[in-house]
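# A structural walkthrough
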Amino acid sequence: MVEIELDGQKVEVPPGSMIMHAAEKAGTYIPHFCYHKKLSIAASCRMCLVEVEKAPKPMPACATPVTMGMIVRTKSDKAIKAQQSVMEFLLINHPLDCPICDQGGECQLQDLAVGYGGGASRYEEEKRVVFHKDVGPLISMEEMSRCIHCTRCVRFGQEVAGVMELGMSHRGEHAEIETFVGQSVDSELSGNMIDICPVGALTSKPFRYSARTWELSRRKSVSPHDSTGANLIVQVKNHRVMRVVPLENDAVNECWIADRDRFSYEAVNSEDRLTAPMLKQGGEWKTVDWQTALEYVANGLKQVKADHGAGAIGVLASPHSTVEELALAGALVRGLGSENIDTRLRHADFFNAASPNAARWLGMPIAALSGLQRVLVVGSNLRKDHPLFAQRIRQAARKGGQVSALNAQSQDWAMPVKNTVLADSANWVSALAGIANAVGAETGVLAPVAAEVNDAARAIAKSLLGGEHKAILLGNAAAHHVQASSLLSLANWIAQQTGAVVGYLSEAANTVGAQLVNALPGQGGLNAGQMLGGGLKAALLLNNEPAFDSAVGTQGLANAGMVVTLSPFKANLDISDVLLPIAPFTETSGSFVNAEGRLQSFHAVVRPLGDTRPAWKVLRVLGNLLGLPGFDADSSQAVLAAALPGLTAGSVVEASRLSNAGAAFIDMNPAASQPCVASIYQLDSLVRRASSLQLTADARAAEGAHA
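Residues numbered from 1 in each chain as written. Predicted model: local features only at pLDDT ≥ 70, side-chain atom pairs only at ≥ 80, totals over all residues. Heavy atoms only, no water.

### Digging into the overall build of the protein chain
The condition that has to hold: Helix and strand definitions follow DSSP, with helices as H or I runs of at least four residues and strands as E runs of at least two, each counted in order from the N terminus. Only C-alpha atoms enter the radius of gyration; for comparison, a globular chain is expected to reach 2.2 Å times N to the power 0.38, where N is the number of residues. Only protein chains enter the accessibility calculation, which uses a 1.4 Å probe; a residue whose area is less than 20% of its type maximum is buried, one above 50% is exposed, and one in between is partly exposed. The criterion used for residue contact is that any of the two residues' heavy atoms lie within 4.5 Å. Note that accessible areas follow from Shrake-Rupley with a 1.4 Å probe, and for residues the cover is restricted to the protein chains shown. As used throughout, the charge tally considers Lys and Arg to be positive and Asp and Glu to be negative, leaving His and the chain termini uncounted. Where a charge sits is defined by one atom per residue type, namely NZ (Lys), CZ (Arg), CG (Asp) or CD (Glu).
When its secondary structure is counted, the protein chain shows 21 helices and 27 strands. Relative to the 2.2 N^0.38 estimate, which gives 27 Å for 707 residues, the radius of gyration of the protein chain is 28 Å and therefore close to what a compact globule would have. Each of the three principal axes of the protein chain carries a C-alpha extent, and together these read 90 × 70 × 50 Å. In the protein chain, buried positions account for 60% of the 707 residues. Sequence separation of 24 or more characterises 71% of the internal contacts of the protein chain that already satisfy a separation of 6 or more. Accessible surface, the protein chain: about 28,000 Å² in total, of which carbon and sulfur atoms supply 51%. Counting 61 positive and 68 negative side-chain charges, the protein chain places the averaged centre of each group 3 Å from the other.

Below is the structure:
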């Protein structure tokens, strides 16, 4: 450790640290704009100038390495005068429009100008003007005259998002931040540029001019989309969600969130919201009260059970539903005497399940992804399926980690991919077996099945046999593959020989939680494929739309006598008999278990819209109407305590309940079907209804491919 004196206080920091790091450790604030703890050091704004004893002039704290015995003064006359001079230069061309700036009230420049700016400007010449730029539906660059050229956005694109979409052109007072050749900003992490911009140059286009920051109340929440479980701050005005920003949690999402976490709130306020229960009578939808709707459903379920037996009743639930909702849905269907419940709507291999009360998972803590030295990703469009996992693996690659892929087509992951095996998904088992044989040839161990080995397979085998921290990660397409069990068996064998861990990237916010609360068919129960294929007379659709969320579609549900949709939206209108409006994640309390097995709970941030009710309450009342035991919880916390006893919010599920062990059977025949995988902005009912996300290049590309 290196010891320095900072404002008279002794501070110890590791060698190679900068003065800024020592100040952070000591709790001393040094004004800055271009410095950001997650980005490389640029030292371009000069706002962090401090006095270093024996140095002839003030030094930038962010770019001056500490040395043993160094004496630093951050609040001396020399330091303050230097900072005030820098502030004067920064404000020379800055427009005097704080009252109309969308960043007003949360602007770093505004705050520091109060502390370090002058009462009047000596600059009397004409200020420069930078013309606005249209860079897409999410980020506004309407006021680029406010830019102070800190280059945070440029460095974020290069280092975190992996795509340099913004850059600086020209020099001196003519410098501008812009995209080149008129392109838009299309990264799936682009919204983070809004957060890290210290001035009002980059702002949120959907939020722009809709509220002032001091009018907003802030509440913590958890993203309901992919399996990262990103921590959020939801900002609310007049019981309406106005904006979503990241809540820093280094163990989960660091200080970043994906664009779908940030902008999907638009769906919560959309015209498509269902605000009252509805029954279909004579082919027409009629609004009814809750008592009528729930009694209709309860009587219908009793009738189907009497006529066809309990085995004709089933629940198809979304893995984006909360732990509490899934636990009660399971209790409801089992209370009626049926084992028909499943959340694996896009799966094709239903034998690939963990042992009862256990779950498939990431295989390691999320934070460990950043330290991987070797990784093989099988069947995943990593960057679009799991933007924040991809960001962590990108950091690993920047530190020298080797990334390999087995996929159906070449994809741009915005990171160096050292080796790629391209194979049609029908042949993924034989392609992975080829890698296993290459590993066997290197280690002298006989592979479990014989397969052809090509140069790419040999290169991946050699890569996996090097390094220390290694992983084989199975993506959404591998999990949904008709031969998922065989892929897992081969991955486990390769991992055993190479010292790697095997993990599932997991599709949804609660894929792991759904398995832990046993939202899976029990003995003799129908799986999602069988239920969607026409095995039910009464179906409860919890928070999903089979037309978009399943591999099979809705045709098999046409034979059901009663289909009940529980959704925040007017969904499944063509197949449903009853619509029950349930609260989205912003209007209910609940919990998700993310890919690493971390339980994260959240509260409602706004009151339910119209007659909407939290799904756990709807299921509890339905259980009461049916006379089932165990439906007496008075809060979602009570439901959680019964479903996952002993587990507290923020803690990780015990290791004994997390398992990626699989059967040894390996089917080498070509697969009969393509895996069903949702594109980035079709993953769930919320992102599908977020208007700004549907205008992005990713959404248009997916629409074009689908057409």
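### Comments concerning helix 1 (residues 19–26)
Helical geometry note: an α-helix holds 3.6 residues per turn, so side chains three or four residues apart project in the same direction. Basically, it comes down to this: Note that the arc is computed from the directions linking the helix axis to the C-beta atoms.
Listed as buried for helix 1 are Ile19, Met20, Ala22, Ala23 and Ala26. On an axial view of helix 1, the arc spanned by its buried residues comes to 160°, and they lie on one face. Tucked into the core, helix 1 has its buried residues touching strand 1 (2–6), strand 2 (9–13), strand 3 (49–52) and strand 5 (71–73).

### What to know about the nonpolar core
The cut-off we apply is this: To define a nonpolar core, start from buried Ala, Val, Leu, Ile, Met, Phe, Trp, Tyr and Cys residues and group those joined through side-chain atoms within 4.5 Å. Domain start and end points were adopted from an automatic or database domain assignment.
In terms of nonpolar packing, the biggest core is built from 75 residues, with Phe33, Met47, Ile139, Phe156, Leu166 and Leu202 touching the most fellow members. Lining this core are residues from two domains, each supplying at least three of them: domain 1 (2–92) and domain 2 (278–353 + 511–655). When neighbours within four sequence positions are excluded, Met47 is seen to be in contact with Pro31, His32, Phe33, Gln83, Val86, Met87, Leu90, Leu112 and Tyr116. Leu301, Val304, Ile341 and Leu619 belong to the second-largest nonpolar core, a separate cluster that totals 55 residues.

### What to know about the pattern of salt bridges
Keep this limit in mind: When a carboxyl oxygen of Asp or Glu lies within 4 Å of a side-chain nitrogen of Lys or Arg, that pair is called a salt bridge.
If you walk through the whole model with that rule in mind, you get 33 salt bridges. When the shortest N-O distance is used, the salt bridge between Arg392 and Glu254 registers 3.9 Å. One end of the pair, Arg392, is in helix 10 (residues 387–398); the other, Glu254, is in the loop between strand 13 (240–246) and helix 6 (259–263), and 138 residues separate them in sequence. Arg689 is the partner of Glu545 in a salt bridge, and the nearest nitrogen-oxygen pair spans 3.0 Å. With Glu545 in the loop between strand 23 (538–542) and helix 17 (546–549) and Arg689 in the loop between helix 20 (685–688) and helix 21 (697–706), this pair connects stretches of sequence that are 144 residues apart. Judged by its relative accessible area of 6%, Glu545 falls in the buried class. Residues participating in the shared-partner salt-bridge network are Asp272, Arg346, Glu507, Glu545, Asp549, Arg688 and Arg689.

### Considerations on the domain arrangement of the protein chain
Domain annotation for the protein chain reports domain 1 (2–92), domain 2 (278–353 + 511–655) and domain 3 (366–505). The straight-line distance from the C-alpha centre of domain 1 to that of domain 3 is 44 Å.

### Points about the sheet that holds strand 17 (residues 341–342)
The criterion, for reference: Criterion used throughout: strands pair if DSSP finds at least two bridges between them.
Overall, mixed pairing links the seven strands, which are arranged 15-14-25-24-23-16-17 in an open sheet. The two strands at the open ends of the sheet, each matched to only one other strand, are strand 15 (284–287) and strand 17. Inspection of the sheet shows strand 24 (residues 562–567) paired to strand 25 (residues 578–581) by four bridges, in the parallel sense. Bridge pairing in strand 25 links Ser567 to Pro581.

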